Structures are given as C-alpha cells and as structure tokens.
Number of protein chains: 2
Amino acid sequence: MTTDLMQTEKHFLDYVKKMTSFNEAIGLMYWDLRTGAPKKGAEQRSEVIGMMSSEVFDMSVSNEMKRFLDELTKEDVQNNLSDRTRKTVEECRKEYDRNIKIPAEEYSEYVILSSKAETVWEEAKEQSNFEMFRPYLEKLVAFNQKFVEYWGYEENKYDTLLDLFEPGVTVKVIDRVFNQLREHIVPLVQQVVNASDKPKTDFLYSHFPQEKQKAFSLDILKGMGYDFNAGRLDTTVHPFATGLNPGDVRVTTKYDESDFRTAVFGTIHEGGHALYEQNISPQLIGTPLCSGTSMGIHESQSLFWENFVGRNKSFWKKNFDTLKTYSTGQFDDVSLEDYYRAINVAGPSLIRIEADEMTYALHIMVRYEIEKGLINGDIEVKDLPQIWNEKMEEYLGITPDNDAVGVLQDVHWSGGAFGYFPSYALGYIYAAQIKNAMLEDLPNFDELLEEGNMLPIKEWLTENIHQYGKLKQPIEIIKDITGEGLNAKYLIQYLEEKYQQVYRIQS
Amino acid sequence: MTTDLMQTEKHFLDYVKKMTSFNEAIGLMYWDLRTGAPKKGAEQRSEVIGMMSSEVFDMSVSNEMKRFLDELTKEDVQNNLSDRTRKTVEECRKEYDRNIKIPAEEYSEYVILSSKAETVWEEAKEQSNFEMFRPYLEKLVAFNQKFVEYWGYEENKYDTLLDLFEPGVTVKVIDRVFNQLREHIVPLVQQVVNASDKPKTDFLYSHFPQEKQKAFSLDILKGMGYDFNAGRLDTTVHPFATGLNPGDVRVTTKYDESDFRTAVFGTIHEGGHALYEQNISPQLIGTPLCSGTSMGIHESQSLFWENFVGRNKSFWKKNFDTLKTYSTGQFDDVSLEDYYRAINVAGPSLIRIEADEMTYALHIMVRYEIEKGLINGDIEVKDLPQIWNEKMEEYLGITPDNDAVGVLQDVHWSGGAFGYFPSYALGYIYAAQIKNAMLEDLPNFDELLEEGNMLPIKEWLTENIHQYGKLKQPIEIIKDITGEGLNAKYLIQYLEEKYQQVYRIQS
C-alpha cells in the first residue's frame, strides 16, 4: 500500500471512530433517559441527543466522507484493505447512498411529520379513533413510497424497505417462508383452541416481590454467561438491551408483582440481545461493524434464549427449585410438569407484544401483508381497519372489538418504520434453524440445561454468530451455520411437537 | 440591529449551544463512570470522553470562533447585544485567548505529562516517595510557568493561575485575607488544643446501616429544597455533584457504616453545590454562563450548607430526633448539646480532606504559600517536603511523619492544577460573608432551622446568587450582597465564637 493510501485509510478510520464515539454517547443518554434521568432535564437532554444525531448524520453524507469512499472503493485499492476496513467502507457507502439520495428538505419534513404522528397516534390509540391517525399514516406511507423511488428497487418496492432492517431478505423469500409457516401454524392454533386438556395457570399470578424477582433474574443472567463486569441490570418501562461497546452492554427489565413472567422471560430475552453485543470481537470497536448484523439476527438471539432455553423443560428441571425459594410459596403444590405447561400456555390473542411463541409469527404476518400492500399501492390506508380485522380472523380466528386493540396497537408505523416487523418473525425462524444446527455440535443440549451449564451454549453462539458483528451479512451467518438459507421447517417442527405435547393433542 | 448581525449572533449562539451540548454529554459520561458504569467499558468510554473534549477544545479556538468573536466584540455591535449574548461572548473570548496562546504541541505534551504524572503520583504517595514524583512535578511547574508567560501577568505571575479558578482575585487580595485569618485562627487552634473540656465523641462511631443513612440523607436533601425531579442521589467513591443542566443536577455520596458523618455532612455539602446548579436561570441554558460563576462561589454554597446550616445547633434541634429514629440506638443516651459538640470536634490534623472547619483554611494556606512560591520561582520543587513540614508546624503545630500524609497527600498538583486550592478557603470566607448579609433579610435564621423551614434560606441564595450563573463575576456577587469586597472578618468572628463556645473556653 502506498503511504498516501495508508494515510487515507487512517484518516477514514479516525473519522468513522468519531461517529461511533458520538453514537456511544447518544446510546448512554438514551439509556439514562429510560432508567432514571430526572424528568425536568429530559427536554434539554433530548435536544442534546438531537444535536448529536444530526452531527452523525451530517458526517455520514459529508464531502469528506464522499472523498474517503471514492478513494477507498477504487478496485485496486479495495483489494489492499483489511477485511475490517473494507466492510466498514461498505457500511458507510450504503449509509451514504441512502442518506444522500433524499433531498434535505424532504427528510427534515419527514422527521417533523413522524414526530408529530407519534403524538397523534398515542391519542388516536387512546380514543380508538383510526380516522384521527389516518391522514398522518397516509403521508408517512407516501413518503416511504417516495423514498423507495429515490433509493430504487428491483423486483418489489417493499424489498428496499426490508433491506433497511434485514439486508438480503426479499419479499420473494419472506412470502415463501411465511406461507409455509402459516400453512402449519393456523391449523395448530385451532388444535390448541380445541384441546380439552388445557394447562392450569392460576398459580402464576400470586404476589412475587420485586426484589426476589430481581435476585432470581440476576441468577439466570449469570448462568447465561452475561458478564456483569461488562454490563448491569436496571428497571424501565419498555425493556431493552443496549450495547454501548462490548465492555458495556446494559440490560433493562420491568417487574409485575402479580406476574413474575414479565421480568423473568423479559430479562432472559434482553439478556440474549446483550450476550450478542458483549461478545462481538473487540477488534471491531470504533467501526460501524461493532453491532449485531441485523434486526432479525439480533432477535434470533433474544428469542433463542427466551424460548429455546427459557421455556424449555430441561431448563426448569434445573431452575424450578430455585424459583420456588425466591417465591413466597406460590409453587409449593405445583409439579414441574404443571409449571412447564403453565409457562407455555398459548392461544389466539389480540395484542402482539403479549402473544405467545406459537401465535407470535401470525401477528407479524398480518402486519407484513399490510405493509407490503401499502408500499406497493395495493392497499389503501383508509381500508386498514377492515383489512386488519379480516386478517386477524383469517390467521388467528379472532376479531378485535376496536382499533385500539387492532390496527392502532403498535407504535412502529407512527414513526415511519415500515419493513421492521418481519424481523421479529425472521428472528424466530433463524432461532429454530440455529438450534437445530447447534444440536449437531451439542447433542447434549438438554442435559446441559439440566446441569445448569449454559456456557457451552453461549460459547457456541459467540463462535458462530456474536464475534462477527457486521462482518457477516445475516444470510451469510445462517448459511455458514446451517448450510442452507432461510427455512421455516425447523420452527414448524419445534412448534408442532411442543404444543401437541403441552396440550396433549393426539397427532 | 442589522439582519447580518442578527444572523451572526444566531449562528454564534447555535455554535456555542453545540459546545455546551457536548459538555452535557461529557458530564453524563463522567457521572456514569463514577456511579456504576461496568469496568470493562471504562477504557473505551474514556476514549469517547477524550474525543469529545478535544472536539469542544477545537471549537473554542477554531477560525469560526475567531470570526464570531471579532464580529461580536466590535464596539458598536457589542452595545446592541443582549446581556446574555455579550457575557457569552466575553466567556468565549477569554477561553479563546487562553487556549490559542499555547502552542498545540506544547499543550498536547502537557496533557500527556499530567496524565502520566497522576499515575506516578499515586504510586509515589503509596510508597511515600517524593523523589519519585519530583521530576514530574518539576516539569508541571515549568509548564505552568511557561503558560503564565504566554498568557501574561501584571503584578504577580500566580495571579494568572488564580484567575483560571477565581476570576478577579489576586495574590494581593489573598495575602491580605489569609494573613488576617491566620492571625486569629492559629491562636484559636492553640486554645482548642489546650482546652480542658473536650467533646466526647465515642458514640459517633457506632454501626449505622447504610440504607438508614441514605434515608436520612434524602430527608435532609428534601428539606434543603433540593428538587428530586431535577436530580438524584447515587453512591460513589469520591463524592461530587454535577450539573448537567438546571433540570438535571446529580448528587453523589459515600457511606461509612462506622461513621455516619461521612454521608450526612457529605450529602449536605454536595447538596449545596447542587442547589446552586439547579437554580441557575433556565434562560442561560445552552450558554457557558449556565454554571456556577467560580470555584470559590461554588464552594461557598456547599460550605454554607455543610457548616452554617449542617453544623448549626438549631438545625439539630429540628433533626436530632429524626436522626435517632434512623440510627440503631447509638444516640439514646446522648443529649443534643453533647451531640452538637461531638459533630463540631476540631483540632490540628494532617489530612486536608479530613480537616474540620476550624483548621481547614490553614491547610489551604500551606498550599497557597507553596504554589505562589513555586510559580514565582521563589521555592524549588526539591525543597517541598521540608517546606511543607515547616509550614504545617508553623500553622497547625504538627509535623507529618512522612510525605504520604504530607506533601504528597493531594491529587491536584499531579494534574497540573495550580491556583485551585485557594478557592476552598475563599469559599469559606465568602460563606461567612453571605451568612452575615443573609441575617439582615432573615434575622430569624436560627428559628427557621429549628422549624425545619429551610426554603426561605434556599430562596434567598437563589435570588442573590444562584440565578445569575456566570452573568456576574464572583466579586460582583459578593459586592452586591455585602456592599464590600472579600473580607475575612466574618469567618473569624464565626469561628472564634463557635469554637470558644464548643470548647468552653473563657475568652
């Protein structure tokens, strides 16, 4: 490499490091706002976050960035770059292209619109008044359609939005796997609904003191291999995990004293996200590669731990007695089998964020079908309440009483996030594929859980997924692990076996 | 004002707001590092802080800043600016002049030196080995002497360093008040040493559970008018208060279960700093004026609350019973009078940060005399241990056994902070002047404390001090309140009266 080029590479990496440093500071401010920042400072703090976010945005589309990218993507130059630098250039190029193509005024109009829309949505939801939200949603959809035109698309307009959250996954792929899923889950749900031997659940709702829930959650996080020297657990309203850098990845949870499951499964879920961020190779610090590779792969990690570990009977063979010691007697007369069935109770419900693992993907499909239709102009916003209700009936066999528990329930669209929802279901499908592949290396998976030895599981995930950050694309990760692409078969198998067993259905 | 000028003013204020936003983010990161950030993320977090601090530094000396300052300090322009903008320009000008005059390479050499020096100091202190630290201290002194040459000085070189921390206060002024103080306190200390009726203190050291200390500290903070919607109390190793913006001013404390005074008086002290920052006019947010006007005035607020309120008998008439209910019986057989005497126990001691209010200023004077001599070349670094010990003997009548508890005890010099120490004593002198002036408006000061009604006191301080932030210089503040300049008389009066009474000395 010439000295000039080495200089350019160095300056580029310094420039990028500055952006990631700003992002780390922003991340800490968000965490702080959500875990205990004093109310009266919040408005000013939001301004600071806004200022710093624009700073990062401006840096992503600056002339300086353009010069770096032009220089470092010349063919003869590219071949001389390290993998780390080359992939960093790719990420920055993608970001640059995306951001530069939208006229500044339009983007700022859009930011203002979505901020207003979120406020209106909140009120519309409270009043269950879709008409109030409709004009905003129409504009948000129109903006996104325009963005797709700016960004360009190949087969399907919606592909361009999917790519924001799950690079490489298209409508064609999703249609195939979602259809496959639906064909099996819809009848499974009906079997469960009609099952005569349903789990008893009354004992789940006894008073479980917050401090005891916390102590148990901390035990479980430790058992998962979450490193408390590189993280902490705090309380919040809408739980999340945030990776500021691999040495500082924080988990938050909330506590419901009449339903311990909120905290316990919530903490395991966020702990799964956190393990991903804690175990990214430290060599990626200071680059945009030091982060989970996609929303879907991230969700695969949280769902893997929450469901394939946390709702597994072997896991509770080890942990049920401990849970009992933390509780105030609510499980004294409950057998492990009854407990296991209870925490896996499933069935159609209206609210996505409260849905169980069997029906969850169906909730996502409803949203996916609608988003695809909206962006391609096949569905109009004004028809949404009706379409929503029809799809709910079709997929889950129930119809919302009103739009607050129907089409208005989720915040995503009010912020302009179209293309995000599918990640949740993709994560789930990935998780089942990953679990299946893991069994080849760890055929004693269930015994490990029974022994409370989860480290080999964590290490397998680090080895095959976590360490790479964004060095690998989601589809690459899955292919390298499973030898195939996205495949819903394993999730279907898992759900059918599990729920026929839990609901004692004769197959 | 012309449209052009209005534009310049607007751009200048936006520019400055960006700098204060960065500083707010940096402040939060510091708070986080010291209150519970995971260890493994600390190194990377320090890098982020370093990057953002250079960013702010670069902005303070940029060509853009120079253009703003040149434009906005033209005489005809200045007269058209609001007070807020004009004072902001003044602050930025001062900072610009200071920062631009030091050659970049020298400054960066100095930053590296002081960072190394701090590490070496730590070890030197541990080993009580002054020679180990000496070469670093010599270089740090030489750098500061050079900085003084760059910055210029009028009467005394040390004035230029004092001005960094206490604008407007000079060697001439300090010599006068410190001499006055010394003349009275040195004999007072001897009276106390020779007093036959000393306070009993054994009951202070009983086990006082941390949680109970915290609950009591929270009560006191609330009583002082500290706003918990604009702040919070956390635990740390070296307590501090930090004002991120007036809506977010955080207090930290530490707990010693065998000496409740650490937390209680520490929290009151930091609470005093915090009240200052919480009550700065919100109109100053986004400018460098939104902060305490000097180290000395800041310290006057913390010391006012800690000593003039917290060590006042009337305060304990109200609070002693409450303290008893939080404690586990240690005060059951203790009278209010004995308790009051115990928390005011005083006498010569070696360590500044453990010194009582009677001897504290003497500790500062030792440091002041040394710094003044060093910067003016009248004292050489190699002679410090001897000079230190002689001065301690002269002022306090005791000599350290070794340098760890002598000249090596404080961190300040290792970071290159010369001119900072005097602020502590100035704050104390100010506090006594403020208390005296306050009595004119609140002659019922002691009754207010007895009633537990501290709000009029807080409001008086807000009205006369807090609201102004840096709109007023320290000397202006004191003059507007007291009608005179710095005057040690009131502190002398307070100490003599109080300690002759506490130690039952016949005067």
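Rules and cut-offs
- Residue positions are counted from 1 within each chain, in the order its sequence is given.
- Labels follow written order: the first chain is A, the first ligand is 1, and so on.
- Under the rules for a predicted model, residues below a pLDDT of 70 receive no local features and side-chain atom pairs below 80 are neither given nor counted, while totals for whole chains, interfaces and linings still include all residues.
- Side-chain numbers come from the whole structure's heavy atoms, not from hydrogens or water.
- Helix and strand assignments follow DSSP, with helices taken as H or I runs no shorter than four residues and strands as E runs no shorter than two, numbered in order from the N terminus.
- Within 3.5 Å is the distance limit for a polar contact, defined as a pair of N or O atoms, with the added protein rule that one can donate a hydrogen and the other accept it, and that residues adjacent in sequence qualify only through two side-chain atoms.
- Throughout, a contact is declared for two residues whenever any of their heavy atoms are within 4.5 Å.
- Domain segmentation is taken from an automatic or database assignment of domains.
- Just to be clear on terms, a salt bridge is a Lys or Arg side-chain nitrogen sitting within 4 Å of an Asp or Glu carboxyl oxygen.
- As a rule, the C-alpha atoms of each element are fitted with a line to give its axis, helices using only the stretch in contact, and angles between N-to-C directions run from 0 to 180 degrees.
- Note on angle classes: values under 35 degrees are labelled roughly parallel, values over 145 roughly antiparallel, values of 65 to 115 roughly perpendicular, and the remainder oblique.
- Note: crossing handedness is left-handed where the near helix turns anticlockwise from the far helix by less than a right angle, and right-handed where it turns clockwise.
- Note that Gly is not counted as nonpolar here; it falls among the polar residues with everything else outside the nonpolar set of Ala, Val, Leu, Ile, Met, Phe, Trp, Tyr, Cys and Pro and the charged set of Asp, Glu, Lys and Arg.
- The criterion for strand pairing is that DSSP finds at least two bridges linking the strands in question.
- Exposure categories follow from relative accessible area, calculated using a 1.4 Å probe and restricted to protein chains: below 20% of the type maximum is buried, above 50% is exposed, and the middle band is partly exposed.
- A simple way to read buried area is as the amount of 1.4 Å-probe accessible surface that goes missing from two parts once joined, with both sides added.

1. Comments concerning the side chain of Arg 341 of chain B
All names here are of chain B.
Phase 1 of the analysis: Relative to the assigned elements, Arg 341 resides in helix H14 (residues 336–343).
Phase 2 of the analysis: Engagement of the side chain of Arg 341 in a polar contact is seen with the backbone oxygen of Val 502, the distance being 2.8 Å.
Phase 3 of the analysis: Beyond its immediate sequence surroundings of up to four residues, Arg 341 is in contact with Asp 197, Lys 198, Pro 199, Val 502, Tyr 503 and Arg 504.

2. Describing the domain arrangement of chain A
Residue and element names in this part refer to chain A.
Phase 1 of the analysis: Domain parsing of chain A yields domain 1 (3–101) and domain 2 (202–347 + 424–469).
Phase 2 of the analysis: Once you take the C-alpha centre of each, domain 1 and domain 2 turn out to be 31 Å apart.
Phase 3 of the analysis: Between domain 1 and domain 2, the contact holds 14 residues from the first and 17 residues from the second.
Phase 4 of the analysis: Connecting domain 1 to domain 2 are zero salt bridges.
Phase 5 of the analysis: Every element with two or more residues in the side of domain 1 that touches domain 2 is listed here: helix H1 (3–35) and helix H5 (83–101).

3. Thoughts on the packing of helix H17 (residues 422–441) of chain B against helix H19 (residues 455–464) of chain B
All names here are of chain B.
Phase 1 of the analysis: At their nearest, the axes of H17 and H19 sit 11 Å apart, and the two run at 110 degrees to each other. The orientation of H17 with respect to H19, classified from their angle, is roughly perpendicular. Of the two possible hands of crossing, H17 and H19 adopt the one that is right-handed. Within the contact between the two elements, H17 uses Ile 434, Ala 437, Met 438 and Asp 441 and H19 uses Ile 457, Trp 460 and Leu 461.
Phase 2 of the analysis: Each residue belonging to the contact of H17 with H19 can be placed in one class, and the counts come to six nonpolar, no polar and one charged.

4. Quick look at the sheet that holds strand S1 (residues 233–235) of chain A
All names here are of chain A.
Phase 1 of the analysis: Across the sheet, which stays open at both edges, the three strands sit in the order S1-S3-S2 with mixed pairing between neighbours. Sheet topology places S1 and strand S2 (241–245) at the edges, where each strand pairs with a single neighbour. Between one strand axis and the next, the sheet turns by 25 degrees as a mean value, whatever way the strands run.
Phase 2 of the analysis: Sheet analysis places S2 next to strand S3 (residues 248–253), joined by four bridges and oriented antiparallel. Residue pairing for S3: Gly 243 is matched across the bridge by Val 249.

5. Some points on the pattern of salt bridges
Phase 1 of the analysis: Under the defined criterion, the tally for this structure stands at 76 salt bridges over all chains.
Phase 2 of the analysis: Across the salt bridge formed by Lys 157 of chain A and Glu 149 of chain A, the nearest N and O atoms sit 3.4 Å from each other.
Phase 3 of the analysis: The class of Lys 157 of chain A is partly exposed, set by a relative accessible area of 22%.
Phase 4 of the analysis: Classification of Glu 149 of chain A as partly exposed rests on a relative accessible area of 47%.
Phase 5 of the analysis: Taking the shortest distance from any N to any O, the salt bridge between Asp 202 of chain B and Lys 200 of chain B comes out at 3.9 Å.
Phase 6 of the analysis: Its relative accessible area of 51% is what places Asp 202 of chain B among the exposed residues.
Phase 7 of the analysis: Here the salt bridges share partners, and the residues they tie into one network are Glu 24, Asp 248 and Arg 250 of chain A together with Asp 32 and Arg 45 of chain B.

6. Some points on the interface of chain B and chain A
Phase 1 of the analysis: Every contact between the two is made by 35 residues of chain B and, on the other side, 35 residues of chain A.
Phase 2 of the analysis: Each partner contributes to the roughly 3000 Å² buried at the junction of chain B and chain A, and carbon and sulfur atoms together form 55% of this total.
Phase 3 of the analysis: Linking chain B with chain A are twelve salt bridges.
Phase 4 of the analysis: Residues Lys 40 of chain B and Asp 227 of chain A are paired through a salt bridge, measuring 2.5 Å at the closest nitrogen-oxygen approach.
Phase 5 of the analysis: Summed over the shared surface of chain B and chain A, the number is 22 residue pairs in polar contact (both at pLDDT 80 or more).
Phase 6 of the analysis: Breaking the side of chain B that touches chain A down by element, the ones donating at least two residues are helix H1 (3–35), helix H2 (42–60), strand S2 (241–245) and strand S3 (248–253) of chain B.
Phase 7 of the analysis: When residues of the side of chain B that touches chain A are assigned to their parent elements, the largest contribution, eleven residues, is made by H1 of chain B.

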